[in-house]
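# Per-entry structural report
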Amino acid sequence: MSALFDLTGRTALVTGSGRGLGFAYAEGLAEAGAAVVINDLREENLTEAVAKLKAKGYNARGLAFDVTSEEAVAAAFDALDKDGVAIDILINNAGIQFRKPMVELELKDWQRVIDTNLTSAFIVGKAAATRMIARGTGGKIINIGSLVSEAARATVAPYTAAKGGIKMLTRAMAAEWAQFNIQANTIGPGYILTEMCAALVENVEFDTWVKKSNPAGRWGKPEELIGTAVYLSSSASDYVNGQMIYVDGGWLSVL
Ligand code: GCO
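Just so we're clear, the structure is a prediction, and the values are computed from it rather than from any experiment.

### Points about the site of the ligand
If you check the shell around the ligand, you find 13 residues, and the closest are Arg-99, Leu-147, Arg-153, Tyr-159 and Pro-189. Separating an oxygen atom of the ligand from a side-chain N or O atom of Gln-97 is a distance of 2.9 Å. Protein contact buries 96% of the 330 Å² of open area that the ligand shows by itself. For the shell around the ligand, the per-class residue count stands at 8 nonpolar, 3 polar and 2 charged.

### Examining the packing of aromatic side chains
Summed over all chains, the structure comprises 8 aromatic pairs. Seen in terms of ring centroids, Tyr-191 and Trp-251 are 5.8 Å apart; in terms of plane orientation they differ by 85°. Their pairing is edge-to-face. With Tyr-191 in the loop between β6 (182-189) and α6 (198-202) and Trp-251 in the segment after β7 (244-247), this pair connects stretches of sequence that are 60 residues apart. By relative accessible area, Tyr-191 is classed as buried at 12%. Classification of Trp-251 by relative accessible area gives buried; the value is 6%. Ring centres of Phe-206 and Trp-219 lie 6.4 Å apart, and the angle between their planes is 40°; on these two criteria the pair is classed as tilted. In this pair, Phe-206 is assigned in helix α7 (residues 204-213) and Trp-219 in the loop between α7 and α8 (226-233), connecting sequence segments 13 residues apart. Under the relative-accessibility criterion, Phe-206 is labelled buried at 9%. Clustering of aromatic rings is evident, with ring pairs tying together Tyr-191, Phe-206, Trp-209, Trp-219 and Trp-251.

### Focus: the pairing of strand β3 (residues 60-63)
Of the strand pairs in this sheet, strand β2 (residues 35-39) and β3 are connected by 4 bridges, and their pairing is parallel. Looking at β3, one finds that Val-37 is bridged to Arg-61.

### Let's talk about the pattern of salt bridges
Taken as a whole and assessed by the stated rule, the structure comprises 14 salt bridges. Across the pair Asp-109 and Lys-108 runs a salt bridge, and its minimum N-O distance is 3.5 Å. Using a relative accessible area of 9% as the deciding quantity, one classes Asp-109 as buried. With its nearest N and O atoms 2.9 Å apart, the salt bridge here joins Asp-207 to Lys-211. In this pair, Asp-207 and Lys-211 are both assigned in helix α7, 4 residues apart and thus about one turn of the helix distant. Taking the relative accessible area as the measure of exposure, Asp-207 reaches 15% and is therefore buried.

### Section: the sheet that holds β6
Reading across the sheet, the 7 strands line up as β3-β2-β1-β4-β5-β6-β7 and stay open at both edges, with parallel pairing between neighbours. Since the sheet does not close on itself, it has two edges, and those belong to β3 and β7, each with one partner. The sheet shows a mean angle of 20° between the axes of neighbouring strands, taken without regard to direction. Bridge analysis of β6 against β7 gives 4 bridges, and the strand direction is parallel. The residue bridging Pro-189 from the neighbouring strand is Val-247, located in β7. With respect to the sheet, helix α4 (residues 107-135) is in contact with β1 (11-14), β4 (89-92), β5 (139-144) and β6, its orientation differing from that of β4 by roughly 175°.

Criteria and thresholds
- The numbering scheme is per chain: residues are counted from 1 as the chain's sequence reads.
- This being a predicted model, a pLDDT of at least 70 is required before a residue's local features are given, and a value of 80 or more before pairs of side-chain atoms are given or counted; all residues contribute to the totals for chains, interfaces and linings.
- Side-chain numbers come from the whole structure's heavy atoms, not from hydrogens or water.
- The near set for a molecule or strand comprises every residue that places at least one heavy atom within 4 Å of it.
- In protein, a polar contact means a hydrogen-donor-capable atom and an acceptor-capable atom, both N or O and within 3.5 Å, with residues adjacent in sequence counting only if both atoms are side-chain atoms; elsewhere, any N or O pair within 3.5 Å suffices.
- Surface exposure here means Shrake-Rupley accessible area, sampled with a 1.4 Å probe, where a residue is shielded only by the protein chains that are shown.
- Any residue outside Ala, Val, Leu, Ile, Met, Phe, Trp, Tyr, Cys, Pro, Asp, Glu, Lys and Arg is labelled polar, Gly included; the first ten of those are nonpolar and the last four are charged.
- Centre distance within 6.5 Å is the pairing criterion for rings of Phe, Tyr and Trp, where only the six-membered ring of Trp is used; planes under 30 degrees apart are then read as stacked, over 60 as edge-to-face, and the remainder as tilted.
- Elements are defined by DSSP. Helices are runs of H or I of four residues or more, strands are runs of E of two residues or more, and each kind is numbered from the N terminus.
- Each residue is assigned to one of three classes by its accessible area relative to the maximum for its type, calculated with a 1.4 Å probe on protein chains only: buried under 20%, partly exposed between the two thresholds, exposed over 50%.
- Strands are treated as partners if at least two bridges between them are detected by DSSP.
- The term salt bridge refers to a pairing of a side-chain nitrogen on Lys or Arg with a carboxyl oxygen on Asp or Glu at a separation within 4 Å.
- Simply put, an axis is a line fit to the C-alpha atoms, just over the touching stretch for a helix, and the angle between two N-to-C directions goes from 0 to 180 degrees.
- The contact rule is simple, with two residues in contact once any of their heavy atoms fall within 4.5 Å.

Quick look at the structure:
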């Protein structure tokens, strides 16, 4: 049975994986046997993340590039090509949050959030899929959505639009690339205890709301996303395509 989920011999790129959920995905995939490429813009995060994985005996390397820049992504994939590193699994995780009522929101901030959370998945997805198709090996793409792919929340409009877009971008990828044995699926994390949510956790009213509205009665932990990430990266999901799996403690079921 474990062979179904074994990632030995495969290489995964996880964008925005210097810390937070990205790091949890990368560590989980490494534990399942994959070699991992950590991506982050901040060099110190990158160095620290790679060191942590290497200390556990995992095969890890760092690659700093801006996921919103087509030139930077092209250069990064060229560098991987030169080193003979083929990406079999891509997790488009890089993301930012920016909370502001829409009537006060400036276009530049809207654009920044859309670029980082949605357009990046197209840019990096295209670079990875082009190579998977050329090699004829197939591959796995996991895009990261959110509860707001489904249910909007005030003050996070660009994030909501981007995460809704991610759900359908994933289906577009499945529609075009299933014929090349590429499976593209979305993970929708619920309210998880990460740095991105720190302001929400510290807000007593919000924290109480999360605990009350979620049938699980608590926030999720980053490591609770790993099983789904490994499943969608492995042969166990070879006929699963264009799906969105929420890992939310049941929150959407009672909405
Ligand atoms: C926020 C948002 C996010 C999402 C999260 C859960 O204000 O930061 O609400 O936390 O809801 O991605 O899916």
